[in-house]
Amino acid sequence: MINRKIKRLVGSVSTAIMMMSLFSTNLLAINEEFDDENDNIISQNESYYELLDEMPSDSPIVNGTSYALYDTASKAFMLGNDIDLQCEPASITKVMTVLLALENLNQDAIVQITSPMIDGIPDDYVKLGLISGEEVTVKDLVYAAMLKSCNDAALALGVYMGGTEADFCSMMNDRATELGCTNTTFTTAYGFADPKNLTTSHDMCLILEAALNCPEFTNISTTYQYSINPTNKYTDVRTITNTNRFVSTQEIGYEYYVGGKTGYTDTAGNTLCSAATKNGRTLIGVILGSTSSDQRYYDMLNLFEYGFINFTTIAIDDNEYATAYTTTLTRFEESLINTNLLVESNTIDFSSYITVPSARAALGNTISVELSGVNVDLSKSEQSFNIPLYKTFADDVTYIVGNITIQVRAKDRIVTINPEKKTIWSTIKDILIAAIAFLILLIILIVAFYIFISKTSKRRDREFNKKSRML
């Protein structure tokens, strides 16, 4: 974190360009004096988690071992407790299983059920009742796994994709790593109560976010009821109803709910991951280790409503920084005019969004560019500089929302081969040559003038003699 107080220069625009040029041994420094009084500068990586350090005193109380509230636009965690604590997820494990099925399988593909797809599931776990040799579509298995949490349907999908459950778990863990999960290890395709099957509130937010990127996921997880047609082994229609109370009940029904999953085992307790979209914002909530099946829903509702009301997600407008960008580049180039260096290339990159408390957003903000400490080494032929872009709110909290990257290199040199040295003799020689050339030109002019006069005289004589004869 940069420990400097930003000086906001007020002018016709809210942009403050802070710079001063000075020279020292082999260095060109472009900087500004700052007061070391403000530590409230939040980097782009820190902005994902800094709100957790500002937990408001009126934030919802959540029954659970761990919980998190996450904004999908800014990637910021707004509220949470022990978000990196590893816990058993129970059946919300199925979100990863269904994610892989949606990403990798044709939903109309036929899965022939084998013994490894149904064996080993405890008798008291929810099942669809699949039979060895039965042929079921991927789509039917996905709906069964999501709506009714059928464990045999989830296991069938896993074995179908991975060959074995163990190999499929390797696929799950690889995908989790790709998504940025750092504390997740899946050992089961459906959420068996295994103390080694672990994830975190943080990681489940990322997994559910990836699932939401599949258009079918929201349609599936918000479906109230689904029917599976008779198969080659089952003669009746199997109708399954969504057990998620956000969808299946009016009491807890939530109009902004767009997807998620419930879970429970004796060792995991009650778990819940959910997403809600309101006014263009999508929030994800995860609760692990709740002691109450009902309370987890109410706690999730409270988290969503608190997040939508008390936090604001701000889009970073590139145009807002256009003047700062061009002015910074111009001043940087001007500072290199009398050096052997030039700006070879430049780029500007932004965070797309930041999330801040609504009270902070209402105060307004200014923008600025940080050039303090930019030191160009005149002895180096290639250098790169990352210049932070700031957004500072009226409560003196500052976010780094982007960077200007400037590449500097040495100028191309023009080399003169064997240049002629000037001496006194060479100077005299040049004068003599010029004098001779002048004399030659003068002689030519005199001769030409003499010839012209001679011809003119002869012509007059001829004309005179002609006139005399005529007389």
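Going by the structure above, here's the rest.
Draft legend 1. Geometry of the sheet that holds strand β6 (residues 76–81). Across the sheet, five strands lie side by side as β6-β5-β13-β12-β11; this open sheet has antiparallel pairing. The open sheet has two edge strands, β6 and β11 (257–265), and neither has a second partner. This sheet shows a mean twist of 10 degrees between the axes of neighbouring strands, independent of strand direction. Bridging between strand β5 (residues 66–71) and β6 involves five bridges; their strand directions are antiparallel.

Draft legend 2. Just the environment of Thr 291, in detail. One can find Thr 291 in the loop between β13 (281–290) and α8 (293–310). Within the local environment of Thr 291, its side chain forms a polar contact with the side chain of Asn 63, the two groups lying 2.9 Å apart.

Draft legend 3. α8, seen in detail. Here α8 spans 26 Å end to end across 18 residues, near enough to the 26 Å set by a 1.5 Å rise per residue. In this structure Ser 292 caps α8, since a side-chain oxygen of it lies 3.5 Å from the backbone nitrogen of Asp 294.

Draft legend 4. Just helix α2 (residues 138–147), in detail. Where burial is concerned, most of α2 is hidden: nine out of the 10 residues are buried. Those residues of α2 that fall on the buried side of the exposure criterion are Val 138, Asp 140, Leu 141, Val 142, Tyr 143, Ala 144, Ala 145, Met 146 and Leu 147. Positioned one or two residues after α2, Ser 149 has a phi angle of 60 degrees, which is positive.

Draft legend 5. Broad picture of the side chain of Lys 261. With respect to the helices, strands and loops of the structure, Lys 261 is situated in strand β11. We note that Lys 261 is buried and unpaired, the nearest opposite charge coming from Asp 152 at a distance of 12 Å. Of the polar contacts made by the side chain of Lys 261, one reaches the side chain of Ser 149; its length is 2.9 Å. Setting aside residues up to four positions removed in sequence, Lys 261 forms contacts with Ser 91, Ile 92, Lys 94, Val 95, Ala 145, Met 146, Ser 149, Asn 244, Thr 271, Leu 272 and Cys 273.

Draft legend 6. Highlighting the environment of Asp 266. Of note, Asp 266 is situated in the loop between β11 and β12 (269–278). Sequence-wise, Asp 266 and Gly 289 are 23 residues apart; in three dimensions their C-alpha atoms are separated by 9.9 Å. Within polar-contact distance, the side chain of Asp 266 engages the side chain of Tyr 264 at 2.8 Å.

Criteria and cut-off values
Residues numbered from 1 in each chain as written. Predicted model: local features only at pLDDT ≥ 70, side-chain atom pairs only at ≥ 80, totals over all residues. Heavy atoms only, no water. Pairing = 2+ DSSP bridges. Helix = DSSP H or I, 4+ residues; strand = E, 2+ residues; numbered from the N terminus. Axes fitted to C-alpha atoms, helices over the stretch in contact; angles between N-to-C directions. Polar contact = N/O pair within 3.5 Å; in protein donor to acceptor, adjacent residues only side chain to side chain. Expected span 1.5 Å × (residues − 1). Buried < 20%, exposed > 50% of the residue type's maximum accessible area, 1.4 Å probe, protein only. Lys, Arg positive; Asp, Glu negative; His and termini not counted. Salt bridge = Lys/Arg side-chain N within 4 Å of Asp/Glu carboxyl O. Contact = heavy atoms within 4.5 Å.

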